[in-house]
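Breakdown of the fold
Here is how the chains run, residue by residue.
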Amino acid sequence: MVKSSMKPTCSGAKCDNEAGTLQCPTCLKLGLEGSYFCSQECFKNNWADHKLLHKKSTGIYNPFSSYPFTGSLRPVYPLSPRRKVPDHIAKPDWYKDGIPKYPPNMRRVNKHEILDQAGQEAMRTVCRLAREVLDIAAAAIRPGITTDYLDEIVHNACIERNAYPSPLNYNHFPKSLCTSPNEVICHGIPDQRVLLDGDILNLDVSLHYNGYHGDVNETYHVLSMSPSSKPSPSASLVVDTARECLSLAISHVKPGTPLREFGAIIEKHAKSKGCSVVKSYCGHGIHKLFHCPPDILHYGRNKSVGVCKPGMTFTIEPMITLGLNGGRDRTWPDGWTAVTVDGGLTAQFEHTLLVTEDGVEVLTARLPGSPGG
């Protein structure tokens, strides 16, 4: 090949200066050649137009590039197309228009459904399926995969069980699974972001089967097979604390226990570990309706109405953040992704519970082979 005697010109628009040695660092990462600029000032002045080349090259982009993110996490679009559900699978009423249609009387805070034996058995079935699907997705977690890939796994596992993934189009949520890494508290949308060694990731799985819903989530450490791949102390602290908060609350579920007590139990333990409870989101009643009374608040001095009664089904799902920061949150412009205001780590665990005559049945209980712990 003959070496050219021509010197390259600056990549800046309408700049005819000779290019220097300054190259765009993003172009270098993407393997794009020829992006040389005459100066740092020229590079900055042309950044708005130049960065479009990165989108064209990779097809991925951050849709909220000007948003003041609280942590290091960024959305990675485009989202994959909405996954299809076969015609033979029974679907909830929001399948087409995205709007759940609840009876007016079910919005009353003191309206707590008591399930008969048939309803309880239906809840056992759907919650067992939810646990199976969660375990399948959790077993696939590893560095290098995307959260969209996990969404595909969950969607397909639901379909294989003739179940509908409850989040899909619920109030227009675009996916079949909620994936919440690192500083995401809840309702993270699966996208093209690649999981990294050392991340923590919450998977929130909900199924609709035979007219009933089951709901379960857990937070997992994303680790490689390398012996040196270990959770950070802060990640271990927040994950362990969230798990312990849920276990302590469940241990007090029995007939007659005021629903407001669970929050005091959870917040006391979280604070003892130097952590805070997120107050913007709560546990909920669940059966034929995905979300309904009673509300289960996870902090002390709350005003949850009612007491536990045999036949009630609801979730407890504390969201815990590192530090005594009040558990404050912020929502991304997508309208769903809730994050910590300080960008700190957060973790959550959830079970669907049935109040029995003498205590509680954890309908989404872990199995002997369930991943994580």
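Residues numbered from 1 in each chain as written. Predicted model: local features only at pLDDT ≥ 70, side-chain atom pairs only at ≥ 80, totals over all residues. Heavy atoms only, no water.

1. Thoughts on the overall build of the protein
For the protein, the count of helices and strands is 8 helices and 17 strands. Taking the principal axes of its C-alpha atoms as reference, the protein extends roughly 90 × 50 × 45 Å. Scored against the burial criterion, the 373 residues of the protein give a buried share of 51%. If you take every contact in the protein between residues at least 6 apart in sequence, the share linking residues at least 24 apart comes to 68%. (Helix = DSSP H or I, 4+ residues; strand = E, 2+ residues; numbered from the N terminus. Buried < 20%, exposed > 50% of the residue type's maximum accessible area, 1.4 Å probe, protein only. Contact = heavy atoms within 4.5 Å.)

2. Re the sheet that holds strand E5 (residues 184-186)
Reading across the sheet, the 3 strands line up as E5-E14-E13 and stay open at both edges, with antiparallel pairing between neighbours. Of all the strands in the sheet, just E5 and strand E13 (329-331) have a single pairing partner and so form its edges. Strand-to-strand twist across the sheet, computed as the mean angle between neighbouring axes with direction ignored, equals 40°. (Pairing = 2+ DSSP bridges. Axes fitted to C-alpha atoms, helices over the stretch in contact; angles between N-to-C directions.)

3. Overview of helix H5 (residues 117-139)
For H5, spanning 23 residues, the distance from its first C-alpha to its last is 33 Å, which sits close to the expected 33 Å at 1.5 Å a residue. The N-capping residue of H5, defined by a side-chain oxygen 3.2 Å from the backbone nitrogen of alanine 118, is aspartate 116. (Expected span 1.5 Å × (residues − 1). Polar contact = N/O pair within 3.5 Å; in protein donor to acceptor, adjacent residues only side chain to side chain.)

4. Here we look at the nonpolar core
Counting 44 residues, the largest nonpolar core has Met123, Ile141, Leu150, Leu203, Val205 and Leu207 as its most contacted members. If you list the elements that add at least two residues to this core, you get H5, helix H6 (147-160), strand E6 (200-209) and strand E7 (212-221). It is H5 that contributes the most residues to this core, 10 residues altogether. Ignoring anything within four residues of it in the chain, the contact list for isoleucine 141 reads Leu150, Leu195, Leu201, Leu203, Tyr220 and Val222. Within the second largest apolar cluster, 29 residues are counted, among which are Leu246, Ile250, Leu259 and Val277. (Core = buried A, V, L, I, M, F, W, Y, C linked by side-chain atoms within 4.5 Å.)

5. Focus on the pairing of strand E11 (residues 313-316)
Along E11, one buried face is formed by Thr313 and Thr315 and the opposite face, lined by Phe314 and Ile316, is buried too. As paired elements, E11 and strand E16 (residues 351-355) share 4 bridges and run antiparallel to each other. Each bridged residue has a counterpart across the sheet, and for threonine 313 the counterpart in E16 is leucine 354.

6. Observations concerning the pattern of salt bridges
Under the defined criterion, the tally for this structure stands at 15 salt bridges. Residue arginine 366 is joined to glutamate 218 by a salt bridge in which the shortest nitrogen-to-oxygen separation is 2.7 Å. Here arginine 366 is found in the segment after strand E17 (360-362), whereas its partner glutamate 218 is found in strand E7, with 148 residues between them in sequence. The class of arginine 366 is partly exposed, set by a relative accessible area of 31%. Residue glutamate 218 is classed as buried on the basis of its relative accessible area of 4%. (Salt bridge = Lys/Arg side-chain N within 4 Å of Asp/Glu carboxyl O.)

7. Let's talk about the packing of aromatic side chains
Under the criterion given, the structure shown has 10 aromatic pairs. A centroid spacing of 6.2 Å and a plane angle of 55° characterise the contact between tyrosine 61 and tyrosine 77, whose relative ring orientation is tilted. Taken together, the residues tyrosine 61 in the loop between helix H4 (52-58) and H5 and tyrosine 77 in the loop between H4 and H5 connect sequence positions 16 residues apart. A centroid spacing of 5.0 Å and a plane angle of 70° characterise the contact between tyrosine 170 and phenylalanine 290, whose relative ring orientation is edge-to-face. Of the two residues, tyrosine 170 is situated in the loop between strand E3 (164-165) and strand E4 (178-181) and phenylalanine 290 in the loop between strand E9 (283-285) and strand E10 (292-296); the sequence distance between them amounts to 120 residues. Each member of the pair, tyrosine 170 as well as phenylalanine 290, carries the same accessibility label: buried. (Phe/Tyr/Trp six-rings, centres within 6.5 Å; stacked < 30°, edge-to-face > 60°.)

8. Observations concerning empty space enclosed by the protein
Applying the stated criterion to the full structure yields 2 cavities of 30 Å³ or more. What lines the largest cavity is a set of 16 residues, among which Leu73, Pro181, Ile189, Asp191 and Trp332 lie closest to the centre. By volume, the second largest cavity amounts to about 30 Å³. What lines the second largest cavity is His112, Glu113, Gly285, His287, Pro293, Pro294, Met312 and Thr313. Partitioned by chemical class, the residues of the lining of the second largest cavity number 3 nonpolar, 4 polar and 1 charged. (1 Å grid on protein atoms, 1.4 Å probe; cavity = no way out; pocket = protein on both sides within 12 Å on 5 of 7 lines; lining within 4 Å. Points joined across faces, edges and corners; volume = space filled by probe spheres on them. Nonpolar A, V, L, I, M, F, W, Y, C, P; charged D, E, K, R; others polar.)

9. Some points on the environment of lysine 268
Relative to the helices and strands, lysine 268 resides in helix H8 (residues 261-272). The exposure class assigned to lysine 268 is exposed, which follows from its relative accessible area of 68%. Sequence separation of lysine 268 and tyrosine 77 is 191 residues, and the distance between their C-alpha atoms is 39 Å.

10. A word on the packing of helix H7 (residues 233-250) against H8
Interhelical geometry of H7 versus H8 gives an angle of 150° and a closest axis separation of 9 Å. Crossing of H7 over H8 shows right-handed handedness. Only Phe262, Ile265, Ile266, His269 and Ala270 of H8 make contact with H7, whose side of the interface consists of Thr241, Glu244, Cys245, Leu248 and Ala249. By residue class, the composition of the contact of H7 with H8 is 7 nonpolar, 2 polar and 1 charged. (Left-handed = near helix turned anticlockwise from the far one by under 90°.)

11. A few points about the layout of surface pockets
One number sums up the size of the largest pocket: a volume of about 730 Å³. Taken together, 34 residues form the lining of the largest pocket, with Tyr170, Cys282, Gly283, His284 and His291 sitting closest to its centre. Where the lining of the largest pocket is concerned, the elements lending two or more residues are E6, E9 and E10. For the lining of the largest pocket, the element with the highest residue contribution is E10, accounting for 4 residues.

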